[in-house]
Number of protein chains: 2
Amino acid sequence: MKPVNLAEKLAQFTTHWDPHVIADYNDNEVMVVRFQGEFPFHLHESTDDFFLVLEGEMIMDLEDSSHPVGPGELFIVPRGVTHRPRAEAECKVLLIEPKGEPNTGDAATAAAKPRI
Amino acid sequence: MKPVNLAEKLAQFTTHWDPHVIADYNDNEVMVVRFQGEFPFHLHESTDDFFLVLEGEMIMDLEDSSHPVGPGELFIVPRGVTHRPRAEAECKVLLIEPKGEPNTGDAATAAAKPRI
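Residues numbered from 1 in each chain as written. Chains lettered and ligands numbered in written order. Predicted model: local features only at pLDDT ≥ 70, side-chain atom pairs only at ≥ 80, totals over all residues. Heavy atoms only, no water.

Notes on the overall build of chain A
- Summing up its helical and strand segments, chain A has one helix and eight strands in all.
- Of the regular secondary structure in chain A, the N- to C-terminal order runs β-α-β-β-β-β-β-β-β.
- Taking 2.2 N^0.38 as the reference for a compact globule, 116 residues should give roughly 13 Å; the C-alpha atoms of chain A span a radius of gyration of 13 Å, in line with that estimate.
- Across its three principal directions, the C-alpha atoms of chain A cover 40 × 30 × 25 Å.
- In chain A, the proportion of contacts linking residues at least 24 apart, taken out of those at least 6 apart, comes to 63%.
- Of the roughly 5100 Å² of accessible surface on chain A, 48% is carried by carbon and sulfur atoms.
- Between the centroid of the 10 positive side chains of chain A and the centroid of its 20 negative side chains there is a distance of 8 Å. (Helix = DSSP H or I, 4+ residues; strand = E, 2+ residues; numbered from the N terminus. Rg over C-alpha atoms; globule rule 2.2 N^0.38 Å. Contact = heavy atoms within 4.5 Å. Areas by Shrake-Rupley, 256 points an atom, 1.4 Å probe, with all protein chains shown as cover. Lys, Arg positive; Asp, Glu negative; His and termini not counted. Charge placed at Lys NZ, Arg CZ, Asp CG, Glu CD.)

Some points on the pairing of strand 6 (residues 66–69) of chain B
Residue and element names in this part refer to chain B.
- Here strand 6 shows one buried face, formed by His 67 and Val 69, and one open face, formed by Ser 66 and Pro 68.
- The pairing of strand 5 (residues 58–62) with strand 6 spans four bridges and is classified as antiparallel. Across the sheet, residue Asp 61 finds its bridge partner in strand 6, namely Ser 66.
- What sits between strand 5 and strand 6 in their antiparallel hairpin is a turn of three residues. (Buried < 20%, exposed > 50% of the residue type's maximum accessible area, 1.4 Å probe, protein only. Pairing = 2+ DSSP bridges.)

Here's the deal with the nonpolar core
- Counting 30 residues, the largest nonpolar core has A:Phe50 and B:Phe50 as its most contacted members.
- Not counting residues within four places of it along the chain, the set of residues in contact with A:Phe50 comprises A:Leu74, A:Phe75, A:Ile76, A:Leu94, A:Leu95, A:Ile96, B:Tyr25, B:Val30, B:Leu94 and B:Ile96. (Core = buried A, V, L, I, M, F, W, Y, C linked by side-chain atoms within 4.5 Å.)

Brief notes about the UniProt feature "domain: Cupin type-2" (unreviewed entry) in chain A
- According to UniProt, the "domain: Cupin type-2" (unreviewed entry) feature falls on residues 35–96 of chain A.
- End-to-end, the C-alpha atoms of residues 35–96 of chain A are 15 Å apart, and along that stretch the chain is 0% helix and 63% strand. (UniProt positions renumbered as here; feature names shortened; annotations may be inferred.)

Some points on the relation of the copies chain A and chain B
- Overlaying chain A with chain B gives an RMSD of 0.0 Å, the required rotation being 180 degrees about an axis along which the chain moves by 0.0 Å. Put plainly, the chains are arranged around a two-fold axis.
- Most of the interface of chain A is mirrored in chain B, where 100% of its interface residues again form contacts. (Least-squares fit on C-alpha atoms with pLDDT ≥ 70 in both.)

Below you can see the structure in the form of structure tokens.
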């Protein structure tokens, strides 16, 4: 039970689209992740998807709109909504998803979500 | 479905210990709040309590330890753990709690949590 410094956690890896778990909140994993390039379009059948941009800018593409999201901005994708985060330059993000939720919405293609 | 700017939401009120709901994540309310002074010691019987410091510094007092938490630092108080946030100078915080959870742990003394 102690403070978790997000920048210190992010400094422990450099890979993109590779969320690392830094804390638990009830049945959710709190993660930090670096985005660069384009993630595949996907959806989560049974959960919302929580993104808070810490540094840089991402674009959240939905099926019929695109939303720039900058530092200190939150974007919550409701369950069942197809989305694709992308970032031209590297973007650092705080991500919250339920434990065991595949980041791609599909266990076959999901990242490992190591704990740091 | 659009980005939520935390600073813009915080600019909509100046009161302390008065969380305002800015988004929903599954069954949780995502809130911004300004801390200054001392909150009462309390606990949440059935939920963890999520604090992310956005600006300023808070101290999270537990029964037998005190933890300074600065910008970009997260502190998650596990369910059932007695705690007290306090801040000498104003501190801005992103707070996540389940919908309907009293911020004091007690409905009789809880803040209203308006939505902005």
